[in-house]
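For reference, the chains in residue letters:
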Amino acid sequence: PIFESRASGRIFRVLFSPSSIHRRWPKPKIAANYLLATLFTIISHIIFRVSIVHSHTKRYFSIPIEISKLFKSNVIIDGQDLGAPLFSPTGDVFVAASENIANKATRRDEQIVQIPIGIDPDELTVDCSNVATPADQYLLFVGDIADRKGVPELLSAYESGSWNQKLLLIGEHIDQDIDPERVDGVRYLGPMNHSEVLCYIRDADLVVLPSKEEALG
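Being a predicted model, the structure only gives us computed values, none of them experimental.

> Just checking my understanding: could you explain the pattern of salt bridges for this structure?
Pairing between side chains of opposite charge can happen when the charged atoms of each approach one another. Overall, the coordinates contain seven salt bridges when judged by the stated rule. Glutamate 110 serves as the salt-bridge partner of arginine 108, at 2.8 Å between the closest nitrogen and oxygen. Pair check on accessibility: arginine 108 and glutamate 110 agree, each one buried. Overlapping salt bridges bring together Asp147, Glu153 and Lys212 as one network.

> Would you explain the nonpolar core in this entry?
A general feature of soluble globular proteins is that nonpolar side chains tend to end up buried together. Membership of the largest hydrophobic core comes to 16 residues, with the highest contact counts inside it found for Val53, Ile65, Val75, Ile77, Phe94, Ala96 and Ile101. Mapped onto this core, the elements with two or more residues apiece are β4 (74–79), β5 (93–96) and α3 (99–104). One finds Leu139, Ile145, Leu155 and Val186 within the second-largest nonpolar core, a separate group that totals 13 residues.

> What is the right way to look at the sheet that holds strand β10 (residues 206–207) in this model?
Paired through backbone hydrogen bonds, the strands of a sheet run either parallel or antiparallel to each other. What the four strands build is an open sheet, ordered β9-β8-β7-β10; its pairing is parallel. A single partner strand is all that each edge strand has here, and the edge strands are β9 (186–190) and β10. Examined bridge by bridge, strand β7 (residues 138–142) and strand β8 (residues 166–170) share five bridges and lie parallel to one another. Directly across from tyrosine 138, in β8, lies its bridge partner lysine 166. Strands β7, β8 and β9 of the sheet are contacted by helix α4 (residues 151–160), whose axis makes an angle of about 170° with β8. The strands touched by helix α5 (residues 194–203) are β7, β8, β9 and β10; relative to β7, the strand with the most contacts, the crossing angle is about 140°.

> Is there a simple way to think about the state of the cysteines in this case?
By definition, a disulfide links the sulfur atoms of two cysteine residues through a covalent bond. Under the criterion given, the structure shown has one disulfide. Linked covalently through their sulfurs, cysteine 128 and cysteine 199 form a disulfide whose S-S length is 2.1 Å. Taking the torsion about the sulfur-sulfur bond, which here is approximately -100°, the covalent link between cysteine 128 and cysteine 199 counts as left-handed. With cysteine 128 in the loop between β6 (111–114) and β7 and cysteine 199 in helix α5, this residue pair connects regions lying 71 residues apart in the sequence. Judged on exposure class, the residue cysteine 128 and its partner cysteine 199 are both buried.

> Mind showing me how you'd approach the packing of aromatic side chains here?
Each aromatic ring pair is described using two quantities: the centre-to-centre distance and the angle formed by the ring planes. In total, this model carries three aromatic pairs according to the counting rule given. Considering the side-chain rings of tyrosine 60 and phenylalanine 61, the 5.0 Å spacing of their centres and the 85° angle between planes classify their relative orientation as edge-to-face. For the pair tyrosine 60 and phenylalanine 61, a shared accessibility class is recorded, and that class is buried.

> What's the story with a nonpolar patch on the surface in this structure? I'm lost.
Residues Leu35, Leu39, Ile43, Ile46, Ile47, Phe48, Leu70 and Phe71 make up a contiguous nonpolar surface patch of about 810 Å² in total accessible area. In terms of residues, the nonpolar patch owes the most to one element, helix α1 (residues 26–48), which gives six residues. Position of leucine 70 among the secondary structure elements: in helix α2 (residues 62–70).

> Could you clarify how one ought to interpret the side chain of threonine 57 in this entry?
Mapped onto the fold, threonine 57 is located in the loop between β3 (52–55) and α2. Residue threonine 57 is classed as buried on the basis of its relative accessible area of 17%. The residues touching threonine 57, leaving out its near neighbours within four places in the chain, are Ile77, Asp78, Asp81, Ala84 and Phe87.

Cut-offs used in this document
Residues numbered from 1 in each chain as written. Predicted model: local features only at pLDDT ≥ 70, side-chain atom pairs only at ≥ 80, totals over all residues. Heavy atoms only, no water. Salt bridge = Lys/Arg side-chain N within 4 Å of Asp/Glu carboxyl O. Buried < 20%, exposed > 50% of the residue type's maximum accessible area, 1.4 Å probe, protein only. Core = buried A, V, L, I, M, F, W, Y, C linked by side-chain atoms within 4.5 Å. Helix = DSSP H or I, 4+ residues; strand = E, 2+ residues; numbered from the N terminus. Pairing = 2+ DSSP bridges. Contact = heavy atoms within 4.5 Å. Axes fitted to C-alpha atoms, helices over the stretch in contact; angles between N-to-C directions. Disulfide = S-S within 2.5 Å. Phe/Tyr/Trp six-rings, centres within 6.5 Å; stacked < 30°, edge-to-face > 60°. Patch = residues over 30% accessible without salt bridge, like charges linked within 9 Å, V, L, I, M, F, W, Y side chains within 5 Å. Areas by Shrake-Rupley, 256 points an atom, 1.4 Å probe, with all protein chains shown as cover.

Structural measurements only, silent on function.
This is how it looks when you write it as structure tokens:
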């Protein structure tokens, strides 16, 4: 939940990912994300008197974190990828999802706490009735469109091969010098929410993860 009341106070989770602007217009989308996150944070502090703020390391959460400090809230920063330790705002606690992330966060000023991401397979269910995945077979990549995720190598390998399936890419476009659709047969679908991604993974002929480094490995 975004808000959670406990005996020790009210928790505000700045974990939403605004994406109301089409991905082909990155600058307006970034501005909208900053504005939405900032306004929502200010209003939440004024109305609900937030005690603890729990945030991810997206760029547009940097201003809400600084605002939360001004309101004297305790700030917990959730680091779930290898870029998280480089996130410039600091809080009271930095939560590392793996030992790999914790080792890269040793120069941060906060208390470093390592908490693995838990998965309960029995609860991993998804309703795909409203998700229209392609009818034809396809190969799938899910992750940041970035060099460290091996996307350039993936595109080169797909271009040099002979594939009957299209290659679909899902994720945030991080490295702007990478053109995810420069190769015929490749479609970049942009970022999606987790429930949609699970449907695409379920229906894929093959899921390809050519990462050079991973936060959890």
